[in-house]
Amino acid sequence: MGANVNHKLASAWRLSAPVIEEISRQSEFIESLTYYNKHSEEMKVGSGGQMVKLRGPIVAPNFFDLLELRPMIGRTFVAGDGDPGAVKTIIISHGLWMRQFGGDPKVIGQSLELDELSYSVIGVMPSNVQYPFDEAESAFWLPHSFTSEDLNDDPRDDWVPMARLREGVSLTDLQSMLDVVAARRTESMKEGAKPFTIQAGSAR
């Protein structure tokens, strides 16, 4: 689950918040790490007097920065976006921008109602950006930051991490580190439980 200095990405699918946090602390291997929810989020938006269901990823605030994806208008998420109590922010796709806002170049700062909650539009992605899902599941992106509750041994494997590796670190090096993390997790599990494993692999 990593990226080397040549921007070669890799993924370790479906890990819990505590495991991702532990991996992110391995700074001798990892330069930066981000994550997204393994399933896109379905939400309802009002359109022409009707409620339309849309889907979009939930991502870490540094998601676009690590992938070096830039919006055509506005900004990407920053630290603090997605924190409990923070202003609700959203980045929208080019398609949603055209459908919901008529391609208005002054869309930044306008509100979008999703599931009866108001989100402030901070960015519009280019038409060729749908990552990590396809166009039908990437109408918008919402930020998420792990809370103390998320990190308190939450066992749910809801998150897909991606990382950029430090210069000189190979996927083999990364896998060795992940094996150590997995072994520690296995030791903390109930006797007889299936051994915990984490597999590194390149995304391209």
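Placed above this text is the structure.
Nothing here was measured: the structure is a model prediction, and the numbers come from that model.

Summed over the entire model, instances satisfying the criterion amount to 10 aromatic pairs. Among the aromatic residues, ring-to-ring pairing joins Tyr36, Phe63, Phe64, Phe77, Tyr131, Phe133 and Trp141 into one connected group.

Taking burial as the measure, the seven residues of strand 10 (residues 159-165) include seven buried ones, the bulk of the element. Of the two faces of strand 10, the one lined by Trp159, Pro161, Ala163 and Leu165 and the one lined by Val160, Met162 and Arg164 are each fully buried. Inspection of the sheet shows strand 1 (residues 30-37) paired to strand 10 by seven bridges, in the antiparallel sense. The residue bridging Tyr35 from the neighbouring strand is Pro161, located in strand 10.

Core analysis: the biggest nonpolar cluster contains 41 residues, and Ile23, Ile90, Ile92, Leu112 and Phe140 have the highest contact counts within it. Per-element accounting of this core gives the leading share, five residues, to helix 5 (residues 171-187). For Phe140, the residues in contact, after removing those within four places along its chain, are Glu41, Met43, Leu54, Arg55, Gly56, Pro57, Ile90, Ile91, Ile92, Ser93, Leu96 and Leu114. In terms of nonpolar packing, the next biggest core, distinct from the first, is built from 15 residues, Phe64, Leu66, Met125 and Val129 among them.

To continue, consider unusual backbone geometry. For the bond running from Tyr131 to Pro132, omega is 10°, close enough to zero to count as cis. The topology assignment puts Pro132 in the loop between strand 8 (117-124) and strand 9 (140-143). Although it is not a glycine, Glu68 sits at a positive phi angle of roughly 60°. Tracing the sequence through the fold places Glu68 in the loop between helix 2 (63-67) and strand 5 (73-74). For Glu68, a relative accessible area of 45% translates into the label partly exposed.

Tracing the chain through its elements places Gln175 in helix 5. Accessibility expressed as a relative area gives 15% for Gln175, which makes it buried. For the pair formed by Gln175 and Ile198, sequence separation is 23 residues and the distance between their alpha carbons is 8.0 Å. Not counting residues up to four positions away in its chain, the partners in contact with Gln175 are Ile198, Gln199 and Ala200.

This part covers helix 3 (residues 94-101). Where helix 3 is concerned, the buried positions are Leu96, Trp97 and Phe101. Each buried residue of helix 3 sits inside an arc of 105° when the element is viewed along its axis, so together they form one side. The elements touched by buried residues of helix 3 are strand 3 (50-56), strand 5, strand 6 (89-92), strand 7 (111-114), strand 8 and strand 9. Following helix 3 by one or two positions, Gly102 adopts a phi angle in the positive range, close to 65°.

The next thing to look at is helix 1 (residues 17-24). Burial of helix 1 is extensive: six of the eight residues sit out of reach of the surface. For helix 1, the set of buried residues is Ala17, Pro18, Val19, Ile20, Glu22 and Ile23. Close packing links the buried residues of helix 1 with strand 1, helix 4 (148-151), strand 10 and helix 5.

Cut-off values and rules
- Residues numbered from 1 in each chain as written.
- Predicted model: local features only at pLDDT ≥ 70, side-chain atom pairs only at ≥ 80, totals over all residues.
- Heavy atoms only, no water.
- Phe/Tyr/Trp six-rings, centres within 6.5 Å; stacked < 30°, edge-to-face > 60°.
- Buried < 20%, exposed > 50% of the residue type's maximum accessible area, 1.4 Å probe, protein only.
- Helix = DSSP H or I, 4+ residues; strand = E, 2+ residues; numbered from the N terminus.
- Pairing = 2+ DSSP bridges.
- Core = buried A, V, L, I, M, F, W, Y, C linked by side-chain atoms within 4.5 Å.
- Contact = heavy atoms within 4.5 Å.
- Arc of directions from axis to C-beta.

From the geometry alone we can't say anything about function, so treat these as descriptive.
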